[in-house]
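An overview of the molecular structure
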Amino acid sequence: MKKIESRAVVCFLLALVLAAGLGFFLVRYFTQGGSWASSAFNRHLYNTAGQLASGTVLDRDGDVLSEIKDGKRTYYADETVRRATLHAVGDLQGNIGTGVLNAFAHKLTGYSLLNGAFGAGQGREMYLTLDARYNYEAYRALNGQAGTVAVYNYKTGEILCMVSAPSYDPLNVPEDIETNDRYKGAYLNRFLTAAFTPGSVYKTVTLAAALETFSDLESRTWTCTGSVEIGGETIVCSGVHGEQHISDAFANSCNVVFAQLAVELGADTLKRYTEQAGLTASYSVDGLPTAKGSFDWTGMDNGRLGWAGVGQDKDLVNPCALMVYMGAIANGGKAAEPYLILKTQNALGIPSVPHITRHTGALVSSETAETLTELLADNVVKTYGQSRFPNMDLCAKSGTAEVGEGKSPHAWFTGFLRNENAPYAFVVMVENGGGGSSVAGTIAGRVLDTMVNGY
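Residues numbered from 1 in each chain as written. Predicted model: local features only at pLDDT ≥ 70, side-chain atom pairs only at ≥ 80, totals over all residues. Heavy atoms only, no water.

**Regarding the overall build of the protein**
As a reminder, the rule being used: Strands here mean DSSP runs of E at least two residues long; helices mean DSSP runs of H or I at least four residues long; both are numbered from the N terminus. We call two residues in contact whenever any of their non-hydrogen atoms come within 4.5 Å of each other. To be clear on the numbers: accessible area is Shrake-Rupley with a 1.4 Å probe, and residue cover counts the displayed protein chains and nothing else.
In terms of helices and strands, the protein carries 14 helices and 16 strands. Pairs at least 24 residues apart make up 65% of the contacts formed inside the protein by residues separated by at least 6 positions. Approximately 20,000 Å² of the protein is accessible, and the part contributed by carbon and sulfur atoms is 51%.

Shown next, in the form of structure tokens:
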């Protein structure tokens, strides 16, 4: 009798293990079945050259970016467009993780939990939110420099432009791509999966914190003599700005003023506003996670805090998160979360379910967003030059981020348009590019000019 009972217990435990294993498998199947089916080992979906054998990628206007011809995958006819859209479309070797051909292979082929890969030979058409023309102009404007350019609609979430460089022609992969510094980081999507020292674009966060913490901020004045000593650190400014109110200090991007504000605010306050702005969070762009920003607030003395408040020290920001923050300021505190897939369409012409726009939480209060908008617009008038941005009501902030001795600074330019017909937020970052306004601002102006004025 005891033997029977012990065997029953063993059988019961084995049944539990089997049920748990089955449950684990089902969970993985529902959550990762698409990735399993779209593995390059699946010869129903990939040809003998290892290329995805079905599915067409198009931009928002229906221009074909990648398709199958004569059994082989090919790309857009123009080489510059191929380079400009590479990090969105993907490569033939699967090295670019954010590319549609790799990240969304199961959607392209028509995989479903019900039918699996049945009918995948016909594939689907996938329309991206991108406009190939905007990417083309952005890539040309970068002119061979490493960096990223992106523009999105902060009301709908559609990413209209997303360029990362260096890039290369997916139909003619350079033989020395692994060893030539010219292609360093070419597989990396700098917009989605990287973070960089922000420099003065971060002052927008410091300013938001100061506006809500100090009731007398707009009536106060500071005197800039070109530098200030804080906690044994010499915070150097870009010029000698003299006596300033906060609006002038922001337009002048005065390190002296913003370093002192950072110390007065304290690390805990800056940490809270940085997190509220979404700069330490990760967004999901159709399931592609963006890199999280990084800030080190622990054990910070006043000297380091001063540098952190002007976007230096150990501050790192993801370009996508910064763009969304600008969109939130433009939109009264909340912005649409960015997405890249406009729709998919099967062989019968039946489209997918329309995208549901999701919004962020409050990245900034509505009252502060209104004040920041005016100050960002003031920057353009006072510092950057309104004539550089024709027919645009532009609100922007530049940044020149120091990244080490002997290296040129990263150039940033970010902001948005106050335009009901063009509700666009943007970010431009050029690695070791030099001046934010002169370099990144010029690139932003060229891309926005194409989008707004059609040039």
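**Side note on the sheet that holds strand β16 (residues 424–430)**
To be explicit about the condition: Any two strands are treated as partners once DSSP identifies two or more bridges connecting them. All axes here are fitted lines through C-alpha atoms, helices being fitted over the stretch that makes contact, and every angle between N-to-C directions spans 0 to 180 degrees.
The strand order across the open sheet built from five strands is β6-β5-β16-β15-β14, with neighbouring strands paired in antiparallel fashion. Pairing within the sheet leaves two strands with one partner each, and these edge strands are β6 (159–165) and β14 (394–401). Strand-to-strand twist of the sheet, defined as the mean angle between neighbouring strand axes without regard to direction, takes the value 5°. Bridge count for strand β5 (residues 147–153) against β6 is six bridges, and the pairing is antiparallel. Bridging across to β6, V151 finds its partner in C161. Lying over the sheet, helix α6 (residues 132–142) contacts β5, β6 and β16, oriented at roughly 30° with respect to β6.

**Topic: unusual backbone geometry**
Among all residues except glycine, the phi angle is most often negative; among peptide bonds, the trans geometry is most common. The omega angle of the peptide bond from A165 to P166 is 10°, so this bond is cis rather than trans. Following the sequence through the fold, P166 ends up in the loop between β6 and α7 (203–213).

**What to know about helix α12 (residues 319–330)**
What counts, and what does not: Given a helix with a known number of residues, its expected span is that number minus one, times 1.5 Å. The buried label goes to any residue with under 20% of its type's maximum accessible area, the exposed label to any with over 50%, and the partly exposed label to all in between, with areas taken from a 1.4 Å probe on protein chains only. Whenever a nitrogen or oxygen atom comes within 3.5 Å of another N or O atom, the pair is scored as a polar contact, on the condition that within protein one atom can donate a hydrogen and the other can accept it, and that pairs from neighbouring residues in sequence are kept only if both atoms are in side chains.
A rise of 1.5 Å per residue sets the reference length of α12, with its 12 residues, at 16 Å; its end C-alpha atoms lie 17 Å apart and thus fit the reference within 8%. With 11 of its 12 residues buried, α12 lies for the most part within the structure. Of all the positions in α12, only P319, C320, A321, L322, M323, V324, Y325, M326, G327, A328 and I329 are classed as buried. The residue sitting at the N-terminus of α12 and contributing the capping side-chain oxygen is N318; that oxygen lies 3.1 Å from the backbone nitrogen of C320. Note on α12: the residue one or two positions beyond its end, G332, has a positive phi of about 85°.

**Topic: the pairing of strand β15 (residues 410–417)**
Here is the key point about a regular strand: its side chains alternate between the two faces of the sheet. Most of β15 sits inside the fold, with eight of its eight residues counted as buried. Where β14 and β15 come together, eight bridges link them in antiparallel fashion. Looking at the pairing, L394 lines up with L417 of β15. Summarising the sheet, β15 and β16 pair through six bridges and their orientation is antiparallel. Within the sheet, the bridge partner assigned to F413 lies in β16 and is V428. Counting the residues between successive antiparallel strands, the hairpin from β15 to β16 contains six residues.

**Observations concerning the nonpolar core**
As a reminder of what qualifies: The set of buried Ala, Val, Leu, Ile, Met, Phe, Trp, Tyr and Cys residues whose side-chain atoms join them within 4.5 Å is what this entry labels a nonpolar core.
F191, L207, L217, F258, L261, W297 and Y325 are the most contacted members of the largest nonpolar core, which has 92 residues in total. If sequence neighbours within four positions are ignored, L261 has contacts with T206, A210, F214, L217, W222 and I246. Residues A165, F389, L394 and L448 belong to the second largest nonpolar core, which totals 33 residues.

**Observations regarding the side chain of S66**
Structurally, the position occupied by S66 is in strand β2 (residues 64–69). A distance of 3.0 Å separates a polar side-chain atom of S66 from the backbone oxygen of T74. Sequence-distant contacts of S66, defined by excluding residues within four places in its chain, comprise G55, T56, V57, R73, T74, Y75, V89 and L101.

**Some details on the pattern of salt bridges**
Note the threshold: The salt bridge definition used is simple: a Lys or Arg side-chain nitrogen within 4 Å of an Asp or Glu carboxyl oxygen.
Within the structure shown, the criterion is met by 15 salt bridges. A salt bridge links E158 to R60; the shortest N-O distance between them is 3.0 Å. Here E158, found in the loop between β5 and β6, pairs with R60, found in the loop between β1 (56–58) and β2; they are 98 residues apart in sequence, far enough to count as distant. Taking relative accessible area as the criterion, E158 reaches 12% and is therefore assigned buried. Judged by relative accessible area, which is 27%, R60 ranks as partly exposed. Across the salt bridge formed by K382 and D378, the nearest N and O atoms sit 2.9 Å from each other. In this pair, K382 and D378 both sit in helix α13 (residues 366–384), four residues apart, roughly one turn of the helix. Since its relative accessible area comes to 42%, K382 is described here as partly exposed.

**So, the environment of S238**
Its location among the elements puts S238 in the loop between β9 (233–236) and β10 (242–244). For S238, a relative accessible area of 65% puts it in the exposed group.

**A look at the sheet that holds β2**
Spatially, five strands are ordered β3-β2-β1-β4-β13 in an open sheet, and the strand pairing comes out mixed. On the outer flanks of this sheet lie β3 (72–75) and β13 (341–345), each paired with one strand and no other. Averaged over all pairs of adjacent strands, the angle between strand axes in this sheet comes to 20°, irrespective of strand direction. Two strands pair when backbone bridges link them, and strand β4 (residues 125–128) and β13 are joined in this way by four bridges, in the antiparallel orientation. The residue of β13 that forms the bridge with E125 is Q345.

Without other data, these values stay purely geometric and don't point to any function.
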